[in-house]
Amino acid sequence: MLDSRIIMVNTSKKPRFRFAPSPTGYLHVGGARTALYNYLLARQLGGDFILRIEDTDLERSTPESIQAILDSMKWLKMEWDEGPYFQTKRFDLYNQYIDQLIKEKKAYPCFCTSQELEAKRALAQKEKRKPMYDRTCYKLSTSDVEKKISSGEKHCIRFHSHDEGSIIINDLVKGRVEIAEKELDDLIIRRTDGSPTYNFTVVIDDMTMGITHVIRGDDHLNNTPRQMQLYQAFGATPPQFAHLPLILGTDKKRLSKRHGATSVMAYYEMGYLPDALINYLARIGWAYKDQEVFTRQDLIEKFSIESVSKAAGVFNPEKLLWLNGLYIRESKPEDLAKLLPHYLEKRGIISNDTSLFVELVKISQEKSKTLEEMADLVDFAFKETRPDEALQNKFLGKENKPHLKLVYDRLEKLENFDIAGITNVFTTLVQETGLKLGQIAQPVRVALSGKNISPGIYEIIRILGKKTCLARISKYLE
RNA sequence: GCUCCCAUCGUCUAACGGUUAGGACGCGGCCCUCUCAAGGCCGUAGUACGGGUUCGAUUCCCGUUGGGAGCGCCA
């Protein structure tokens with residue numbers, strides 16, 4: 001028996017994958033994962049990765065959404081080999097194929113109005129039937145049809161579906177799925193306004209673009225049988241399908257704005273690294289043994305569609321945060337230094353001191369799970385922050401002033417203002433006074449950074465330099 | 001309502017008839033420590049339920065329950 005969950009690679013044909021989002025909103029993480037799996041397989045098999053914008057919904061498609069999709073793909077470094085294609089630029093092509101179906105009597109005009117159809121649907125619901133078009137217009141005589149058309153009556157075009165037999169999908173993820181053709185009604189392929197509909201354009205595009213593998217969300221699984229009928233109508237071999245389970249929110253409901261950030265670019269703004277997001281997304285619904293961390297090359301080599309889970313997965317922001325922290329820790333300081341300015345600018349800090357950025361990254365990367373956190377940790381180097389009242393009371397009150405003064409005096413006298421010298425100031429102070437290091441360091445930390453959470457205090461002092469340190473500390477001595 | 005899909009710790013998952021059901025996030029404890037992190041060690045928790053098949057079921061089959069998707073002149 002042939003295992004339906006084996007990816008077939010016809011050596012005579014180059015594998016071609018596509019990602020086909022509709023530009024009706026920002027690219028969300030679920031879509032990004034779909035894109036990723038396509039991208040990974042294309043790279044693994046030496047095939048093509050095609051980007052196609054499915055913008056046939058003229059009402060809801062926007063240029064902003066198109067831009068957001070492109071930006072997201074670029075940020076995630078999923079380079080496409082062809083496209084972006086736009087379906088709105090291919091209407092002539094779709095119309096040729098629709099006309100062909102009409103000529104072959106595989107499609108027919110339908111004069112039913114939306115109101116009439118709505119009424120039929122409502123009735124079906126009421127009678128607990130599955131709402132399906134009743135073929136009123138298919139039953140029209142040829143002369144009636146001609147009469148209506150010549151009198152200019154508005155109509156759409158429906159594909160005439162088969163009623164007997166069944167469609168079998170050998171899905172790479174779901175396995176064998178069978179559906180009776182009588183469950184399928186005559187779908188509209190051309191709207192009254194002349195524009196083609198999704199289930200039709202997707203087939204024409206995949207067919208004419210030579211797509212060999214269609215990997216998409218499993219919300220499309222129910223559409224697949226009717227698409228298969230279309231392939232049959234054109235005598236074409238359908239591509240292999242793989243339907244991915246959805247990504248859900250914490251409450252197991254379909255991911256939406258309620259669940260916090262869902263758009264890819266929101267993660268950029270929150271200070272996530274693209275490779276961390278990619279790594280995390282790959283692991284929702286897919287695993288390779290016990291491995292958690294994958295470089296892009298790992299992913300390309302190890303990903304396999306057959307081991308994608310059939311069940312929906314919950315998006316877990318905590319795990320993504322952990323992964324991001326790990327990626328930040330393991331990144332080269334020079335690389336992070338290039339990314340940091342964007343997050344500093346959001347805090348009103350403008351600088352191009354690259355070597356300072358590198359230094360700041362080095363002292364904060366182990367403490368940062370996001371670049372936003374990192375920016376918060378290192379802003380002391382650019383601006384003086386007044387600690388809030390609670391912090392002042394706790395660390396800069398009367399009992400702390402003598403300690404601060406001690407540090408001030410020693411730093412003032414310090415000749416070699418380097419890490420060794422600075423460390424020595426504190427350690428000798430601890431020895432001489434019998435105070436805990438924390439008792440001395442905390443007030444200094446708050447005075448210099450305005451916060452009780454910061455990089456190492458010695459590093460802060462060194463980076464700030466003697467003059468700035470003394471100026472900031474002196475404000476709390478009176 | 002009808003059709004289709006799905007079901008292992010709270011979450012992501014490993015197991016492809018025989019394991020003390022493994023790993024990771026999170027959570028708890030201890031160690032380390034100038035704060036916060038990081039790191040180290042230990043711990044916590046799962047096969048939805050009921051029938052079969054089998055010497056043996058997380059694994060195969062059926063049903064129940066629960067979740068999801070579709071049933072648009074949206075994609």
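Scroll up to find the structure.
First, a word on what this report is: a plain description of the structure on this page. Just so it is clear, the structure is predicted and the values come from calculations on it, not from any experiment. Position labels on residues start from 1 in each chain and follow its written sequence. All chains are assigned letters beginning with A, and all ligands numbers beginning with 1, in the order in which they are written. Only residues with pLDDT of 70 or above have their local features reported here, since the model is predicted, and side-chain atom pairs are shown and tallied only from 80 upward, although totals for entire chains, interfaces and linings are computed over all residues. Side-chain figures throughout are based on the complete set of non-hydrogen atoms in the structure, without hydrogens or water.

### Considerations on the pairing of strand S4 (residues 107-110)
Along a regular strand, successive side chains alternate from one face of the sheet to the other.
Right, so step 1: Of the two faces of S4, the one holding Ala 107 and Pro 109 and the one holding Tyr 108 and Cys 110 are both buried throughout.
Right, so step 2: Pairing between two strands is assigned when DSSP locates at least 2 bridges connecting them. Helix and strand definitions here come from DSSP, where helices need a minimum of 4 consecutive H or I residues and strands a minimum of 2 consecutive E residues; each element is numbered from the N-terminal end. Of the pairings in the sheet, the one linking S4 to strand S5 (residues 156-159) comprises four bridges and is antiparallel in character. Within the sheet, the bridge partner assigned to Ala 107 lies in S5 and is Phe 159. Exposed residues in this analysis have more than 50% of their type's maximum accessible area, buried residues have under 20%, and partly exposed residues fall in between, with area computed by a 1.4 Å probe over protein chains only.

### A look at the environment of Tyr 267
Right, so step 1: Counting through the fold element by element, Tyr 267 comes out in helix H8 (residues 264-269).
Right, so step 2: With relative accessibility at 4%, the residue Tyr 267 sits in the buried group.
Right, so step 3: Two residues form a contact once any of their heavy atoms are found within 4.5 Å. The contacts of Tyr 267, once residues within four sequence positions are left out, are Val 29, Trp 75, Ala 261, Thr 262, Tyr 272, Leu 277, Phe 315 and Leu 320.

### Overview of the side chain of Arg 158
Right, so step 1: Tracing the backbone shows Arg 158 in strand S5.
Right, so step 2: In summary, the charge assignment counts Lys and Arg as positive and Asp and Glu as negative, without counting His or the chain termini. Every case where a carboxyl oxygen of Asp or Glu lies within 4 Å of a side-chain nitrogen of Lys or Arg is listed as a salt bridge. In this structure Arg 158 is buried but unpaired, with Asp 185 as the nearest side chain of opposite charge at 5.2 Å.
Right, so step 3: Those residues in contact with Arg 158 that sit more than four places away from it in its chain are Lys 106, Ala 107, Tyr 108, Cys 110, Leu 117, Tyr 133, Asp 186, Leu 187, Ile 188 and Ile 189.

### Some words on the protein's contact with RNA strand B
Right, so step 1: As a structural note, the neighbourhood of RNA strand B is formed by 63 residues, with Arg 191, Thr 192, Gly 285, Lys 367 and Arg 445 the closest of them.
Right, so step 2: Proximity is defined per residue: if any heavy atom of the residue lies within 4 Å of a molecule or strand, that residue is considered near it. For RNA strand B, the backbone portion of the atoms within 4 Å of the protein, that is sugar and phosphate, comes to 69%.
Right, so step 3: A 3.5 Å cut-off defines polar contacts: any pair of N or O atoms within that distance qualifies, except that in protein one atom must be a possible hydrogen donor and the other a possible acceptor, and neighbouring residues in sequence count only when both atoms are side-chain atoms. A distance of 3.2 Å separates a sugar or linking oxygen of RNA strand B from a polar atom in the backbone of Glu 54.
Right, so step 4: Thr 192 is positioned such that a nitrogen or oxygen atom in its side chain is 2.3 Å from a base nitrogen of RNA strand B.
Right, so step 5: Mapped by element, the contributors of at least two residues to the surface near RNA strand B are helix H4 (114-126), strand S7 (175-180), helix H6 (198-208), strand S12 (313-314), helix H11 (317-330), helix H18 (437-449) and helix H19 (457-474).
Right, so step 6: Broken down by element, the residue count for the surface near RNA strand B peaks at five residues, all from H18.

### Some remarks on the layout of surface pockets
Empty space among the atoms becomes visible once a probe the size of a water molecule is rolled across them.
Right, so step 1: Here the term cavity refers to a set of points on a 1 Å grid, laid over the protein atoms alone, in which a 1.4 Å probe fits but cannot get out; the term pocket refers to an open set having protein on both sides within 12 Å along at least five of seven lines, with lining residues being those that place an atom within 4 Å of a point. Grid points are joined across faces, edges and corners, and a volume is the space filled by probe spheres set on the points. Counted as a void, the largest pocket has a volume near 1200 Å³.
Right, so step 2: Taken together, 38 residues form the lining of the largest pocket, with Ser 22, His 28, Asp 219, His 220 and Arg 254 sitting closest to its centre.
Right, so step 3: Listing elements by their share of the lining of the largest pocket, those giving two or more residues are strand S1 (16-19), helix H1 (29-44), H6 and strand S9 (213-217).
Right, so step 4: Charged means Asp, Glu, Lys or Arg here, nonpolar means Ala, Val, Leu, Ile, Met, Phe, Trp, Tyr, Cys or Pro, and polar covers whatever is left, Gly included. A per-class count over the lining of the largest pocket returns 14 nonpolar, 14 polar and ten charged.
Right, so step 5: Taken as a whole, the second largest pocket encloses approximately 580 Å³ of empty space.
Right, so step 6: Along the wall of the second largest pocket there are 27 residues; nearest its centre are Leu 117, Arg 121, Tyr 133, Arg 158 and Ile 188.
Right, so step 7: Those elements giving two or more residues to the lining of the second largest pocket turn out to be H4 and S5.
Right, so step 8: It is H4 that contributes the most residues to the lining of the second largest pocket, six residues altogether.
Right, so step 9: Residue composition of the lining of the second largest pocket, grouped by class: twelve nonpolar, six polar and nine charged.

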